[in-house]
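Descriptive structure summary
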Amino acid sequence: SKLGLRNSPSEVKLNSSAVLVVDQMTNKTILEKNSNAVLPIASVTKLMTAIVVLESNVPLHQRIYITKSEAKLERYNFSRLKIGTSYTRDELLRLALMSSENRAAHALARTYSGGVQGFVNAMNAKSKLLGMTSTIFTEPTGLNSGNVSSPKDLAILVDEASRVPKIRKYSTSEKLKIKIKNKLQNFKNSNSLIRNESWNLEISKTGFIRPSGKCLVMLANIKNKPFIIILLDAQGNK
């Protein structure tokens, strides 16, 4: 069925199954393809994770240890954040948004007042509040394909995320050096367009698990106008 979606006719030949481009100022749709289709969103989830963390007003300087429960995460989970190492909540937030670090996102949710389940409830409550009617969150990382949304809903999420200066900054920062067990580790942005001079991005989040295909959401300034760009289930990075 997803392959069918990818091959749907659209004005421009698009490699993604579901696409939406919206002028953020006027809310006018510039381009759409299956924009109501509900698909797994993978790590695009982490934009909502960041919103919930920052709205809970928890101290960002607080240190959080990576535990066994972070290491239990599903496939695709290579991580340099080893069990027993600690980071500030602020560092974890930046690693989750910039490098799509799954253990970072999970540790942020685990240390929420209601634990992971309370955190997921807050994610779903926030999406209802924003009018994201097709969206369901089952966990905070995006590793689970139960996290689903539509391009229409994700345009709302990107718009909301763009109102939070820290999310704008961290999701588009190029790199971060962090000391892990006395060794400096270099983390970089998961979106290569961040390093491309011709793109001016205010929000960026990538996502990939096998069921979701390649996903990318952005707020890009094009000719000094902000455009929300949602691309779900693409075959390749290009």
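The structure under discussion appears in the preceding block.
Below is a summary of the structure that appears in this document.

Here is what the cut-offs are and how they apply
Residues numbered from 1 in each chain as written. Predicted model: local features only at pLDDT ≥ 70, side-chain atom pairs only at ≥ 80, totals over all residues. Heavy atoms only, no water. Buried < 20%, exposed > 50% of the residue type's maximum accessible area, 1.4 Å probe, protein only. Helix = DSSP H or I, 4+ residues; strand = E, 2+ residues; numbered from the N terminus. Pairing = 2+ DSSP bridges. Axes fitted to C-alpha atoms, helices over the stretch in contact; angles between N-to-C directions. Parallel < 35°, antiparallel > 145°, perpendicular 65-115°, else oblique. Contact = heavy atoms within 4.5 Å. Nonpolar A, V, L, I, M, F, W, Y, C, P; charged D, E, K, R; others polar.

**A closer look at helix α4 (residues 89-98)**
Owing to its 3.6 residues per turn, the α-helix brings residues three or four apart onto one side. For α4, the tally of buried residues reaches eight of ten residues, placing the bulk of the element in the interior. Residues of α4 that are buried: R89, L92, L93, R94, L95, A96, L97 and M98. A positive backbone phi angle near 60° is found at S100, which sits one or two residues after α4.

**Points about the pairing of strand β1 (residues 16-23)**
Counting buried positions along β1 gives eight out of eight residues, so the element sits mostly inside the fold. The pairing of β1 with strand β11 (residues 225-234) spans seven bridges and is antiparallel. When the sheet's bridge partners are listed, V19 is paired in β11 with L231. For β1 and strand β2 (residues 29-33), the ladder comprises four bridges, and the chain directions are antiparallel. Counted as the bridge partner of V19 is K33 from β2.

**Some thoughts on the packing of helix α2 (residues 45-55) against helix α6 (residues 115-129)**
Running from N to C, α2 and α6 cross one another at 100°; their axes reach a closest spacing of 10 Å. What the angle tells us is that α2 and α6 run roughly perpendicular. Across from T45, M48, T49, I51, V52, V53 and E55 in α2, the residues of α6 making contact are F119, A122, M123, K126 and S127. In terms of residue class, the contact of α2 with α6 is made up of seven nonpolar, three polar and two charged.

**Focus on the pairing of β11**
With eight of ten residues buried, β11 is to be regarded as a mostly interior element. Where strand β10 (residues 213-222) meets β11, eight bridges bridge the pair, whose relative direction is antiparallel. Opposite N221, over in β11, you have P226 as the bridge partner. Here β10 hands over to β11 after two residues, with K223 in that stretch at a positive phi of 50°.

**Here's the deal with unusual backbone geometry**
In this structure, S100 takes a positive phi of about 60° despite not being glycine. Summarising the element assignment, S100 is placed in the loop between α4 and α5 (102-110). Taking the relative accessible area as the measure of exposure, S100 reaches 14% and is therefore buried. Here the phi dihedral of K181 falls at roughly 50°; this positive angle occurs in a residue that is not glycine. Here K181 is to be found in the loop between β7 (175-180) and β8 (183-188).

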